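Observations on the three-dimensional arrangement
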Amino acid sequence: MKKKVFLLTMAAVMGLSMTAYASEGEVANKDKPLVWFNRQPSNSSTGELDMAALSFNDDTYYVGFDANQGAELQGTMVLDYIEANIDTIDRNGDGIIGYVLAIGDIGHNDSIARTRGVRKALGTGVDKDGDINSDPVGTNTDGSATAVQDGTLEINGTTYTVRELASQEMKNSAGATWDAATAGNAIGTWASSFGDQIDVVVSNNDGMGMSMFNAWSKDNQVPTFGYDANNDAVAAIAEGYGGTISQHADVQAYLTLRVLRNALDGVDIDTGIGTADEAGNVLSEDVYVYNEEERSYYALNVAVTADNYQEFTDSTKVYEPVSNQLDESSHPRKSVWLNIYNAADNFLSSTYQPLLQNYDDLLNLDVEYIGGDGQTESNITNRLGNPSQYDAFAINMVKTDNAASYTSLLNQ
């Protein structure tokens, strides 16, 4: 800290930028390791990857999870639950299994995938431009919406209709998406209008799912399904929460910092990932995949239900195979600027960041954590005023289209 204060003071006195004091051979900001995480640079309308951002420099990568695999897993989890509980799940006995769906962000690839995964599994999806329509339907109690269709299930010789009764993007008045409070309000509105028709509640994430569970479905014993395996959601399975999906946040958080560590050390990017490092850290092939063309690491997902939830009660515990401390003499401490797009996001703030904070010590990284407001990139980028003081960057955008808001700062 004293060194940083001294340098800043000298810069002010001399009227020079920090770069005037750069030691010989210092890496330019545009060449420093960069990892995008949780929000993959892409077109929010088409889903097309932003390869300019993903290949910003030779040490740029993305870390997330296999969205399509996880989405299909969530849909299958909901379907399996309905089939296993068909004798009791139709609350009003009308032969229609009605569900409501909380959509996180209509322009987010993960949200789109999860909406499609549920609709595909339940037979309620309709085609739009060669894929399942992921648009919200508003209210659809009569089955007339065009963005979805009624599905059918044949179980024990009886045919049931499956209907998406309502869905909406959970966006608050200030513009923040994936908003838990909005979801809690939405389930209240839906329940007051057509509550006895709601047999299942589905959410694109646990933050919204738990808000709906606590606001209504827990008391009314309506199974609720989320995504992320947050601690509170996993614990709630014992109280009737239907299930959730672990996106292996422990593996993601490790990869987020590990790819930076490897780049900073100048070693093969696979070190400590697919190839064991000198401390014995290594990941098995059943927990992640790497897509070289997309320069992206994807953690694989696991369904968390009443059958196995006790294995997932601590979502902030580091993954045992990659929990070994690196030797600081071989891996000297480096500084990383890292932001969380929304400090109020339940998954990122309660699960992902605590994991990152556990791994940064193991990997000898001094990470400065920046929490955004979930609404504007400028709330975050304004706090990257001097990238020269950091060795690497980990970026979690508000919107997947906005990678240039960050790379432009590194190009200056």
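Residues numbered from 1 in each chain as written. Predicted model: local features only at pLDDT ≥ 70, side-chain atom pairs only at ≥ 80, totals over all residues. Heavy atoms only, no water.

1. Observations regarding the pattern of salt bridges
Convention followed: Throughout this description, the term salt bridge denotes a Lys or Arg side-chain nitrogen within 4 Å of a carboxyl oxygen of Asp or Glu. Helix and strand assignments come from DSSP, with helices taken as H or I runs of at least 4 residues and strands as E runs of at least 2, each series counted from the N terminus. For every residue, the accessible area (1.4 Å probe, protein chains only) is compared with the maximum for its type, and the residue is labelled buried under 20%, exposed over 50%, or partly exposed between those bounds.
Scanning the entire structure with this criterion turns up 12 salt bridges. A salt bridge links Lys120 to Glu72; the shortest N-O distance between them is 3.5 Å. Of this pair, Lys120 sits in helix H5 (residues 109-122) while Glu72 sits in helix H3 (residues 67-84), and the two are 48 residues apart along the sequence. A relative accessible area of 43% means that Glu72 is categorised as partly exposed. Here Asp105 and Lys399 are joined by a salt bridge, their closest N and O atoms 3.2 Å apart. Residue Asp105 is found in the loop between strand S3 (96-103) and H5, and its partner Lys399 is found in the loop between strand S17 (392-395) and helix H12 (404-411); the two are separated by 294 residues along the sequence. Looking at Asp105, the relative accessible area reads 2%, which means it is buried. On the accessibility criterion, Lys399 (29% relative accessible area) is partly exposed.

2. Some words on H12
Under the convention used in this document: Directions from the helix axis toward the C-beta atoms define the arc. In this description, contact between two residues means that some pair of their heavy atoms is separated by no more than 4.5 Å.
Those residues of H12 not exposed but buried are Tyr406, Thr407, Leu409 and Leu410. For H12, the angular spread of buried residues about the axis comes to 150 degrees, placing them on one side. Residues of H12 that are buried in the fold lie against strand S1 (34-37), strand S15 (334-340), helix H11 (378-381) and S17.

3. Thoughts on the packing of helix H9 (residues 249-265) against helix H10 (residues 346-362)
Put simply, the rule is: To define axes, lines are fitted to C-alpha atoms, for helices over the stretch in contact only, and angles between the resulting N-to-C directions are given on a 0 to 180 degree scale. If an angle is under 35 degrees, it is roughly parallel; if it is over 145, roughly antiparallel; if it lies from 65 to 115, roughly perpendicular; otherwise it is oblique. By definition, any crossing whose near helix is turned counterclockwise from its far helix by less than a right angle is left-handed, and any crossing with a clockwise turn is right-handed. Amino acids outside the nonpolar list (Ala, Val, Leu, Ile, Met, Phe, Trp, Tyr, Cys, Pro) and the charged list (Asp, Glu, Lys, Arg) are all regarded as polar, and Gly is one of them.
Following both chains from N to C, one finds H9 and H10 inclined at 50 degrees, their axes separated by 9 Å at the closest point. The angle between H9 and H10 places the two elements in the oblique class. Crossing angle aside, the handedness with which H9 passes H10 is right-handed. When H9 is examined against H10, the residues Ala249, Asp250, Gln252, Ala253, Tyr254, Thr256 and Leu257 are found in contact with a partner set consisting of Phe347, Thr351, Tyr352, Leu355, Leu356, Tyr359 and Asp360. Taken together, the residues that form the contact of H9 with H10 break down as nine nonpolar, three polar and two charged.

4. Some details on the pairing of strand S7 (residues 151-155)
Definition in use: Strand pairing is assigned whenever DSSP detects at least two bridges linking the two strands.
Burial of S7 is one-sided: the residues Gly151, Leu153 and Ile155 facing one way are buried, the residues Thr152 and Glu154 facing the other way are not. Both S7 and strand S8 (residues 158-169) contribute to a ladder of five bridges, which runs antiparallel. The residue bridging Ile155 from the neighbouring strand is Thr158, located in S8. Here S7 hands over to S8 after two residues, with Asn156 in that stretch at a positive phi of 55 degrees.

5. Here's the deal with the packing of aromatic side chains
To be explicit about the condition: Pairing of aromatic rings covers Phe, Tyr and Trp, the last counted by its six-membered ring, and requires centre-to-centre distances within 6.5 Å; plane angles under 30 degrees mean stacked, over 60 mean edge-to-face, and any other angle means tilted. By definition, being over a ring means that NZ of Lys or CZ of Arg is both within 6 Å of the ring centre and within 35 degrees of the ring normal.
Within the structure shown, the criterion is met by 13 aromatic pairs. Site record: aromatic cluster; members linked through ring pairs are Tyr61, Tyr288, Tyr290 and Tyr297. The residue whose ring lies beneath Arg39 is Tyr341, and the NZ or CZ to ring-centre distance is 3.6 Å. Positioned above the aromatic ring of Tyr61 is the side chain of Arg295, whose terminal nitrogen or guanidinium carbon lies 4.6 Å from the ring centre.

6. Details of the nonpolar core
Here is the rule we go by: Residue types Ala, Val, Leu, Ile, Met, Phe, Trp, Tyr and Cys, when buried and joined through side-chain atoms within 4.5 Å, form a set referred to as a nonpolar core.
Counting residues in each nonpolar core, the largest one holds 104 residues, and the members touching the most others are Trp36, Ile198, Leu283 and Tyr359. Setting aside anything within four residues of it in sequence, one finds Ile198 in contact with Arg91, Gly98, Val100, Leu165, Ile187, Trp190, Ala191, Trp216 and Val222. If you look at the next biggest cluster of nonpolar residues, it comprises 11 residues, including Phe213, Ala233, Val234 and Tyr241.

7. Observations concerning the packing of H3 against H5
When two helices pack together, their arrangement is given by the angle between the helix axes and the distance between those axes. In contact at an axis separation of 7 Å, H3 and H5 are set at 35 degrees when each is read in the N-to-C sense. In terms of crossing hand, the pair formed by H3 and H5 is right-handed. Contact residues: H3 offers Ala67, Asn68, Ala71, Glu72, Gln74, Gly75, Thr76, Val78, Leu79 and Ile82, while H5 offers Asp110, Ala113, Arg114, Gly117, Val118, Lys120, Ala121 and Leu122.

8. Details of the sheet that holds S17
Where strands meet in a sheet, backbone hydrogen bonds hold them as pairs that are either parallel or antiparallel. Taken in spatial order, the seven strands line up as S12-S13-S2-S1-S17-S15-S16 in an open sheet, and their pairing is mixed. Strands with a single pairing partner mark the edges of an open sheet, and in this sheet they are strand S12 (288-291) and strand S16 (365-371). On average, each strand axis in the sheet is inclined to that of its neighbour by 20 degrees, with strand direction left out of account. With three bridges connecting them, S1 and S17 associate as parallel partners. If you follow Val35 over to S17, its bridge partner there is Ala394. Lying on the sheet, H9 is in contact with S1, strand S2 (60-65), S12, strand S13 (296-299), S15, S16 and S17; it crosses S2 at an angle near 165 degrees.

9. Regarding the pairing of strand S9 (residues 198-203)
To be explicit about the condition: A crossover gets the label right-handed when its path from the first strand over the helix to the second runs clockwise, viewed with the strands pointing away from the viewer.
Among the six residues that make up S9, six are buried, leaving the element largely enclosed by the rest of the structure. Sheet analysis places S9 next to strand S10 (residues 224-225), joined by two bridges and oriented parallel. Within the sheet, the bridge partner assigned to Val202 lies in S10 and is Phe225. For the crossover from S9 across helix H7 (residues 206-217) to S10, the handedness is right-handed.

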